[in-house]
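Residue-level listing of the chains:
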Amino acid sequence: MKALKDVEVGDFYFKRKNYKAALDATKEALYYKDNDAVASFRLAVCQDKLGQTVSEEILRQYLKILPEGPFAKESHASLERLGGRK
């Protein structure tokens, strides 16, 4: 239940482009539910928007959970930009 609430809070802030708050809420959500694909992708986007190093591990986690998911193409592109393998 806690993870779901944190995902909702993260989504709220993400949609309002408050990436720092979204990052914090999403990290908390992933602490309780580490296999949430969309939260994993959003975490990587927040890291990028805040000028932080984007975690290849997080992008790979998304692709492991949803290899053909709605953000798969963007995840692959981000990994390529980071110099990672698909």
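The sections below set out a description of the structure shown in this document. (Residues numbered from 1 in each chain as written. Predicted model: local features only at pLDDT ≥ 70, side-chain atom pairs only at ≥ 80, totals over all residues. Heavy atoms only, no water.)

## What about empty space enclosed by the protein?
To find leftover empty space, one rolls a probe the size of a water molecule over the atoms. The condition is simple: Grid points spaced at 1 Å over the protein atoms alone were grouped into cavities, where a 1.4 Å probe fits but cannot get out, and pockets, open sets with protein on both sides within 12 Å along at least five of seven lines, with lining residues defined by an atom within 4 Å of a point. Grid points are joined across faces, edges and corners, and a volume is the space filled by probe spheres set on the points. Each helix corresponds to a stretch of at least 4 residues labelled H or I by DSSP, and each strand to a stretch of at least 2 residues labelled E; elements are numbered beginning at the N terminus. Charged means Asp, Glu, Lys or Arg here, nonpolar means Ala, Val, Leu, Ile, Met, Phe, Trp, Tyr, Cys or Pro, and polar covers whatever is left, Gly included.
Within the structure shown, the criterion is met by one cavity of 30 Å³ or more. In terms of lining residues, the largest cavity is bounded by Asp6, Val7, Gly10, Asp11, Phe14, Ala22, Thr26, Ala29, Val38, Ala39 and Arg42. Only α1 (2–15), α2 (19–32) and α3 (37–49) provide two or more residues apiece to the lining of the largest cavity. If you tally residues by element for the lining of the largest cavity, the top one is α1, at five residues. Here the residues of the lining of the largest cavity are counted per class, giving six nonpolar, two polar and three charged.

## Examining the environment of Asp36
This is how the line gets drawn: Any two residues having at least one pair of non-hydrogen atoms within 4.5 Å are treated as being in contact. We call two N or O atoms a polar contact when they sit within 3.5 Å, provided that within protein one can donate a hydrogen and the other can accept it, with sequence-adjacent residues counted only if both atoms are side-chain atoms.
Note on placement: Asp36 falls in the loop between α2 and α3. Sequence-wise, Asp36 and Ile65 are 29 residues apart; in three dimensions their C-alpha atoms are separated by 7.9 Å. When sequence neighbours within four positions are dropped, the list of residues in contact with Asp36 reads Val7, Leu30 and Ile65. For Asp36, the side chain forms a polar contact with the main-chain nitrogen of Val38, separated by 3.2 Å.

## Notes on the pattern of salt bridges
Here the idea is simple: oppositely charged side chains can pair when their charged atoms come close. As a reminder, the rule being used: The term salt bridge refers to a side-chain nitrogen of Lys or Arg lying within 4 Å of a carboxyl oxygen of Asp or Glu. Exposure classes here rest on a 1.4 Å probe applied to the protein chains alone. A residue is buried below 20% of its type maximum, exposed above 50%, and partly exposed in between.
Under the criterion given, the structure shown has seven salt bridges. For Asp11, the salt bridge identified is with Arg42, shortest N-O distance 2.3 Å. Here Asp11 is found in helix α1, whereas its partner Arg42 is found in helix α3, with 31 residues between them in sequence. Judged by relative accessible area, which is 23%, Asp11 ranks as partly exposed. Judged by its relative accessible area of 16%, Arg42 is buried. When the shortest N-O distance is used, the salt bridge between Glu56 and Arg60 registers 3.2 Å. Of this pair, Glu56 and Arg60 both sit in helix α4 (residues 56–65), separated by four residues, roughly a single helical turn. Each of the salt bridges in this network shares a partner with another, and the network as a whole consists of Lys2, Asp6 and Glu28.

## Brief notes about the nonpolar core
What counts, and what does not: Among buried residues, those of type Ala, Val, Leu, Ile, Met, Phe, Trp, Tyr and Cys that are joined through side-chain atoms within 4.5 Å constitute a nonpolar core.
Formed by 19 residues in total, the largest nonpolar core has its most connected members in Phe14, Cys46, Leu59 and Tyr62. Only α2, α3, α4 and α5 (72–81) provide two or more residues apiece to this core. Top element by residues in this core is α3. It accounts for seven residues. Among all residues touching Phe14, those that are not within four sequence positions of it are Tyr19, Ala22, Arg42, Val45 and Cys46.

Remember that the coordinates give geometry; whether it matters functionally is a separate question.
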